[in-house]
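# Tertiary structure, described
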Amino acid sequence: MFQNNLLAGKRVLVTGGATGLGKSMGKRFLELGASLYICGRRKEVLAETAAELRQATSGTVKTFACDVRDAARVEAMIETFWQDGPLDILVNNAAGNFIARTEDLSTGAFEAVIGIVLMGTINVTMACGRRWLKEKHHANVLNISTTYAELGSGYVVPSAIAKAGVLAMTRSLAVEWGKHSIRFNAIGPGAIPTEGAFSRLLPVKELEEQARKHSPVGRFGTHEELADLAAFLVSDHAGYINGEFIIMDGGALLKGAGSFNQFGDMLTDEQWQAIRPKKKS
Ligand code: HXC
Ligand code: NAP
């Protein structure tokens, strides 16, 4: 889809880049010529992924074990990565989430998810942003959000609150830092199979099947589809796209919006025929 030097010379940090969608985006960025930096809390997982990605792409991959909730640790990570030269692209992908009835959540549960998603995104963005502004370095940030960031969702309320905050940050800083040539965009992916998300959000087979069927296109998204969209948005070819929230979900969010959309899954051919007015003879 792209020329393989699309991201040549770019230094990209993907938070939570050792697993799932972060790993797939990182691989794509490496294939397109970028140098990759990844962080996460688990050192062994980072090392394993870095080795795998180096082997697969012959690219440069550096890691730093870091909990993005810990602002001092984030600062140390960014300082270390900056020794190679300024980062050009930040993908805020690290997240925490699980389904629960909201009345069952402890304060610690809210803090865990909001801490990772909202404060983590703020911590890494500010550590990079202050350096970009000081050095007058052109850069861009891509935030991985969710389809429910604008409208909210029951049963994932801490995540909905945090992702809404991330979207507000995306749109606010797109304007405030746009004049410094620092772009901000966000993607809202629909369900894409990963161990991290599916084990916590669709832990029962029936829920997974229900989620798949809810998609107008009858399937989940793929890692490649997300990675290609991300690669375009962080590339210089998307230089005039700033402050956008791009939903990539096969139309699933819209399906929930139309009052009659569910009928397509409910009514049989016979029922549709029975509803039609009889031909006047
Ligand atoms: C209720 C829960 C819970 C659950 C944890 N807690 N899991 N409460 N239901 N399923 C509570 C704990 O009891 C604890 O409460 C508090 O939350 C913190 O839990 P810890 O395990 O101590 O936190 P921590 O080790 O920081 O782990 C964070 C985590 C965990 C979010 C809870 O799941 C995690 O590490 N997740 C990272 C990966 C991830 O979530 N990936 C999915 C992203 S998918 P107390 O009261 O003891 O403090 C996504 C969008 C998907 O975001 C959209 C799909 C369409
Ligand atoms: P995942 O594999 O669980 O990815 C989450 C990553 O974040 C992990 O690598 C995890 O590594 C890291 N992380 C979690 N807490 C962290 C912390 N405190 N500090 C640093 N890193 C932390 O799940 P995924 O499905 O790929 O999710 C990736 C992104 O896509 C998330 O933003 C998620 O909200 C979004 N998303 C996913 C889907 C989907 O269907 N998969 C749909 C919509 C949006 P450690 O555990 O080692 O820290």
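Preceding this section is the structure that the text describes.
Residues numbered from 1 in each chain as written. Chains lettered and ligands numbered in written order. Predicted model: local features only at pLDDT ≥ 70, side-chain atom pairs only at ≥ 80, totals over all residues. Heavy atoms only, no water.

## Brief notes about the site of ligand 1
Short version of the rule: Throughout this document, a residue counts as near a molecule or strand when at least one of its heavy atoms sits within 4 Å of that molecule or strand. Counting of polar contacts relies on pairs of N or O atoms within 3.5 Å, with two restrictions inside protein: one atom must be capable of donating a hydrogen and the other of accepting it, and residues adjacent in sequence are counted only when both atoms are side-chain atoms. Throughout, the Shrake-Rupley method with a 1.4 Å probe supplies accessible areas, and for residues the shown protein chains are the sole cover considered. Here a helix means four or more residues in a row that DSSP labels H or I, a strand means two or more in a row labelled E, and each is numbered from the N terminus. Amino acids are sorted into nonpolar (Ala, Val, Leu, Ile, Met, Phe, Trp, Tyr, Cys and Pro), charged (Asp, Glu, Lys and Arg) and polar (every other residue, Gly among them).
Around ligand 1 lies a shell of 16 residues, among which Arg41, Arg69, Asn97, Ser106 and Arg200 are the nearest. One of the backbone N or O atoms of Asn97 is found 2.9 Å from an oxygen atom in ligand 1. Contacts to ligand 1 include Ser106, whose side-chain N or O atom sits 2.6 Å from an oxygen atom. Notes on ligand 1: free accessible area 1,100 Å², of which the protein chains cover 57%. Put simply, the parts of the chain that give the shell around ligand 1 at least two residues each are α4 (107-135) and α6 (195-201). Among the residues forming the shell around ligand 1, the class breakdown is seven nonpolar, six polar and three charged.

## With respect to the pairing of strand β5 (residues 139-144)
To be explicit about the condition: Exposure is judged per residue with a 1.4 Å probe applied to protein chains only, and the accessible area is read against the type maximum: over 50% gives exposed, under 20% gives buried, and values in between give partly exposed. Criterion used throughout: strands pair if DSSP finds at least two bridges between them. The handedness rule is simple: strands pointing away from the viewer, and a clockwise path from the first strand over the helix to the second, make the crossover right-handed.
Across the six residues that make up β5, a large majority, six, are buried. Every second residue of β5 is oriented toward a common face, with Ala139, Val141 and Asn143 on one face and Asn140, Leu142 and Ile144 on the other, all of them buried. One ladder, built from four bridges, connects strand β4 (residues 89-92) with β5; its direction is parallel. Each residue of the ladder has a partner; that of Val91, found in β5, is Leu142. Where the polypeptide runs from β4 across α4 and back to β5, its parallel neighbour, the crossover connection is right-handed. Where β5 and strand β6 (residues 182-189) come together, six bridges link them in parallel fashion. Bridge pairing in β6 links Ile144 to Ile187. Read as a crossover between parallel neighbours, the route from β5 over helix α5 (residues 157-176) to β6 is right-handed.

## Examining the site of ligand 2
In the neighbourhood of ligand 2, 26 residues make up the surrounding shell, with Thr19, Arg41, Arg42, Asn93 and Thr194 lying closest. About the coverage of ligand 2: the protein hides 90% of its 870 Å² of free accessible area. Secondary structure elements with two or more residues in the shell around ligand 2: α1 (20-31) and α6. Looking at the shell around ligand 2 residue by residue, the class counts come to eleven nonpolar, ten polar and five charged.

## So, the packing of aromatic side chains
Where we set the bar: Pairing of aromatic side chains here covers Phe, Tyr and the six-membered ring of Trp, requires ring centres within 6.5 Å, and sorts the geometry by plane angle: under 30 degrees stacked, over 60 edge-to-face, intermediate tilted. Whether a charge sits over a ring comes down to the Lys NZ or Arg CZ being within 6 Å of the ring centre and within 35 degrees of the ring normal.
Under the defined criterion, the tally for this structure stands at six aromatic pairs. Where Trp177 meets Phe184, the ring centres are 5.9 Å apart and the plane angle is 55°; that geometry is what we call tilted. On the basis of an interplanar angle of 75° and a centroid distance of 5.1 Å, the ring pair of Phe198 and Phe220 is categorised as edge-to-face. With Phe198 in helix α6 and Phe220 in the loop between α7 (205-214) and α8 (223-234), this residue pair connects regions lying 22 residues apart in the sequence. By relative accessible area, Phe220 is classed as buried at 14%. Clustering of aromatic rings is evident, with ring pairs tying together Tyr37, Phe64 and Phe81. Note that Arg131 overlies the ring of Trp82, its terminal NZ or CZ placed 5.8 Å from the centroid.

## A word on the side chain of Asn97
Our working rule: Working rule for contacts: check all heavy atoms of both residues, and any pair within 4.5 Å makes them a contact.
By the element assignment, Asn97 lies in the loop between β4 and α4. Overall, the relative accessible area of 16% leaves Asn97 in the buried class. A distance of 3.3 Å separates polar atoms of two side chains, one belonging to Asn97 and the other to Ser159. Sequence-distant contacts of Asn97, defined by excluding residues within four places in its chain, comprise Val113, Tyr148, Val156, Ser159, Arg200 and Leu201.

## Regarding the state of the cysteines
Put plainly, two cysteines are in a disulfide when a covalent bond ties their sulfur atoms together. The criterion, for reference: Only a pair of cysteine sulfur atoms within 2.5 Å qualifies as a disulfide here.
Using the criterion set out here, one finds zero disulfides in the structure. Of the cysteine sulfurs around Cys128, a residue in no disulfide, the closest is that of Cys39, at 9.8 Å. Using a relative accessible area of 0% as the deciding quantity, one classes Cys128 as buried.

## Re α4
The test is simple: Expected helix span is given by 1.5 Å per residue-to-residue step, counting one fewer step than there are residues. The quantity called bend is, for any residue, the angle between two axes fitted respectively to the seven residues ending at it and the seven beginning at it.
Over its 29 residues, α4 runs 39 Å from end to end, which matches the ideal 42 Å to within 8%, given 1.5 Å per residue. The sharpest bend along α4 measures roughly 45° and falls at Gly115. Note on α4: the residue one or two positions beyond its end, Lys136, has a positive phi of about 55°.

## Describing the packing of α1 against helix α2 (residues 43-57)
Helix packing for two helices is described by the angle between their axes and how far apart those axes are. The condition is simple: Whenever a helix is involved, its axis is fitted only over the stretch in contact; in every case the axis is a line through C-alpha atoms, and angles between N-to-C directions fall within 0 to 180 degrees. The crossing is said to be left-handed when, going from far helix to near helix, the turn is anticlockwise and less than a right angle, and right-handed when the turn is clockwise.
Running from N to C, α1 and α2 point in directions that differ by 35°, and their axes come no closer than 10 Å. Where α1 crosses over α2, the handedness of that crossing is right-handed. For the pair formed by α1 and α2, the contact residues are Lys23, Lys27, Leu30 and Glu31 on the first element and Thr49, Glu52, Leu53, Ala56 and Thr57 on the second. A breakdown of the residues in the contact of α1 with α2 according to their chemical character gives three nonpolar, two polar and four charged.

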